[in-house]
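Take a look at the letters that make up each chain.
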Amino acid sequence: MTKMTLLTEQSFAETIAANGGRVFRVGGCVRDAIMGVTPKDIDFCVVGMVKKNFKTLFPDAEEYGKSFPVFRLLIDGEKCEIAFARTERKAGSGYKGFKISSNPKVTIEADLFRRDTTINSIAVDSLTGQVIDPFHGQQDIKDGILRATSQHFSDDPMRALRLAGQSARLGFTIEENTLALASAVGSELAEEPAERVLAELTKVLSEAQHPATFFTVLAQTDLLRVAFTEVAVLSDQAFAIAMEQLNLVAQVTKEAKLRFAVLGFTLDKESLLRWNHSMTLPGDWLEAAIAAGRIKDLLVQPDPEKLVTAINHLRRGALGVGEFDILAKATGLNLPELGLLQEAMTLLPGEAAPEGLTGKEIGEWFRRKHIAAIREFSTKSKFVHNNCD
């Protein structure tokens, strides 16, 4: 193929068709487009062609993946992923326990059959625009339902986590048989690498409007104890409070760190450390959640000294003063606004520790000044005063 200045989807599809193949948009990008959402990434599936021919036609394509041929190629100015149609057969446990077949005889319908839910089992012909929807995914999108494409849903235990994640991100309900299929993967899910489980949690905390749904679905399917034991062992009341607070924080911020940090209001430090031991959490998540719990407990009955301790602790850690205020406000905690108090602690221009003080003496001088500043500020602010007396 002659190198083009800009490869478009149309020219890409025409080249594939001229050489005996066909190319389709597949997966989440098709689902999102049907829902009226701009897709983040465009994925293609090629049928009727072997890898050798594809590489000859598109020498700039970057190949990766060991189990089956996958390429990255610049199309319409965007890096897109191109895979060849394939079938999968369960031959072992876990996500590696599949026999994969990819050859020119595999149809687009066969490729769609191996996918998880019907809403992700839709394809669009890049050349003609024809929609291929053998499992009625468009209707399920319209009805807001997540339904397994086939009984093979439970072959891959990670699909259960992704199902819970899709429900949290899309706000869709899960069809009863699909919940049953998800409930059957507990033993295999326990053997999955912790980093794969963490990846799904990260996606939910970064994208879902109602992230608590993720944990609730896992509890429904008895998978919460497998994936996130520290959350599963909470009492019903504590779990309900934690999920409510998580959703409240999600309404005001999309930052995964803060969404995770609010769990520190319910989970104690020891539980968070055990969670980190089972799957290595991002360091700032763990530190922020521990700090959130510590500061919340410290400020249950705040006084100027506790407030200074809280502010100074937050100044040095992964959870900032303003970030703690976001958590406190979102969850309706009746706590002083630490950002305002931090401003009150600012020394006057030119004010400095007296000469002759050293080391801890300087720190103690600042601490006394800060306590006095907050005490003075509290007398001027009814809200702070009511919470500091």
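Residues numbered from 1 in each chain as written. Predicted model: local features only at pLDDT ≥ 70, side-chain atom pairs only at ≥ 80, totals over all residues. Heavy atoms only, no water.

### Points about the sheet that holds strand β1 (residues 22-26)
The seven strands lie next to each other as β3-β4-β5-β2-β1-β8-β9, forming an open sheet whose pairing is mixed. Of all strands in the sheet, those bounded by a partner on one side alone are β3 (62-64) and β9 (131-132). Judged from the three bridges that link them, β1 and strand β8 (residues 123-125) form a sheet pairing that is antiparallel. The residue bridging F24 from the neighbouring strand is D125, located in β8. Here helix α1 (residues 9-18) sits on the sheet in contact with β1, β2 (43-47), β4 (70-75) and β5 (78-84), set at roughly 140 degrees to β1. (Pairing = 2+ DSSP bridges. Helix = DSSP H or I, 4+ residues; strand = E, 2+ residues; numbered from the N terminus. Contact = heavy atoms within 4.5 Å. Axes fitted to C-alpha atoms, helices over the stretch in contact; angles between N-to-C directions.)

### So, the nonpolar core
F12, F54 and F228 are the most contacted members of the largest nonpolar core, which totals 100 residues. It is helix α16 (residues 283-298) that contributes the most residues to this core, seven residues altogether. What F12 contacts, discounting residues up to four positions off in sequence, is L7, V23, F44, F54, F58, L73, I75 and I82. Core analysis: the second largest hydrophobic core is formed by 11 residues, V47, V106, L112 and A123 among them. (Core = buried A, V, L, I, M, F, W, Y, C linked by side-chain atoms within 4.5 Å. Buried < 20%, exposed > 50% of the residue type's maximum accessible area, 1.4 Å probe, protein only.)

### What to know about the packing of aromatic side chains
The description of an aromatic ring pair rests on the distance of the ring centres and on the angle between the ring planes. Within this structure, the stated rule accounts for 16 aromatic pairs. Between the aromatic rings of F12 and F54, the centroid separation amounts to 6.3 Å while the plane-to-plane angle is 90 degrees, which identifies the pairing as edge-to-face. A residue pair is termed long-range when its members are at least 10 positions apart, and F12 in helix α1 and F54 in helix α3 (residues 51-57) qualify at 42 residues. For the pair formed by F12 and F54, the shared burial category is buried. With centroids separated by 5.5 Å and ring planes inclined at 80 degrees, the aromatic side chains of F54 and F84 adopt a geometry described as edge-to-face. Separated by 30 residues along the polypeptide, F54 in helix α3 and F84 in strand β5 bring together distant segments of the chain. (Phe/Tyr/Trp six-rings, centres within 6.5 Å; stacked < 30°, edge-to-face > 60°.)

### Structural notes on α16
For α16, spanning 16 residues, the distance from its first C-alpha to its last is 22 Å, which sits close to the expected 22 Å at 1.5 Å a residue. Within α16, the full set of buried residues consists of W285, L286, A288, A289, A291, A292, G293 and I295. Residues of α16 that are buried sit in contact with α9 (194-207), α14 (256-261), α15 (269-278), α17 (304-316), α18 (321-330) and α19 (338-344). (Expected span 1.5 Å × (residues − 1).)

### Quick word on the packing of α16 against α17
Running from N to C, α16 and α17 point in directions that differ by 170 degrees, and their axes come no closer than 10 Å. The angle between the axes of α16 and α17 places the two elements in the roughly antiparallel class. Of the residues in α17, those in contact with A291, R294, I295 and L298 of α16 are K306, T309, A310, H313 and L314. In terms of residue class, the contact of α16 with α17 is built from five nonpolar, two polar and two charged. (Parallel < 35°, antiparallel > 145°, perpendicular 65-115°, else oblique. Nonpolar A, V, L, I, M, F, W, Y, C, P; charged D, E, K, R; others polar.)

### Focus on unusual backbone geometry
Not every positive phi belongs to a glycine, and D76 is a case in point at roughly 55 degrees. Along the polypeptide, D76 turns up in the loop between β4 and β5. At H136, a residue that is not glycine, the phi angle is positive and equals roughly 60 degrees. On the secondary structure map, H136 appears in the loop between β9 and α5 (137-143). You can call H136 exposed: its relative accessible area is 57%.

### Observations regarding the environment of S121
Mapped onto the elements, S121 comes out in the loop between α4 (108-113) and β8. In this structure S121 touches L112, R115, I132, D133, P134, F135 and T149, once residues within four positions along its chain are discounted. Among the polar contacts made by the side chain of S121, one reaches the main-chain carbonyl oxygen of L112 at a distance of 3.3 Å. (Polar contact = N/O pair within 3.5 Å; in protein donor to acceptor, adjacent residues only side chain to side chain.)

### Looking at the pairing of β4
Regular strands place side chains that alternate from one sheet face to the opposite one. As paired strands, β3 and β4 are joined by three bridges and run antiparallel to one another. Bridge assignment links E62 to a residue of β4, and that residue is R72. With six bridges joining them, β4 and β5 adopt antiparallel strand pairing. If you follow L74 over to β5, its bridge partner there is K79. In this antiparallel pair of consecutive strands, β4 and β5, the connection spans two residues, and D76 shows a positive phi of 55 degrees.

### Some details on the pattern of salt bridges
One pass over the structure, following the stated rule, counts 18 salt bridges. Of the charged contacts in the structure, one is a salt bridge between E63 and K55, with a shortest N-O distance of 3.4 Å. Relative accessible area serves as the criterion here: at 35%, E63 is assigned to the partly exposed category. The partly exposed category is assigned to K55, whose relative accessible area is 40%. Put simply, K40, R169 and E207 are held in one network by salt bridges that share partners. (Salt bridge = Lys/Arg side-chain N within 4 Å of Asp/Glu carboxyl O.)

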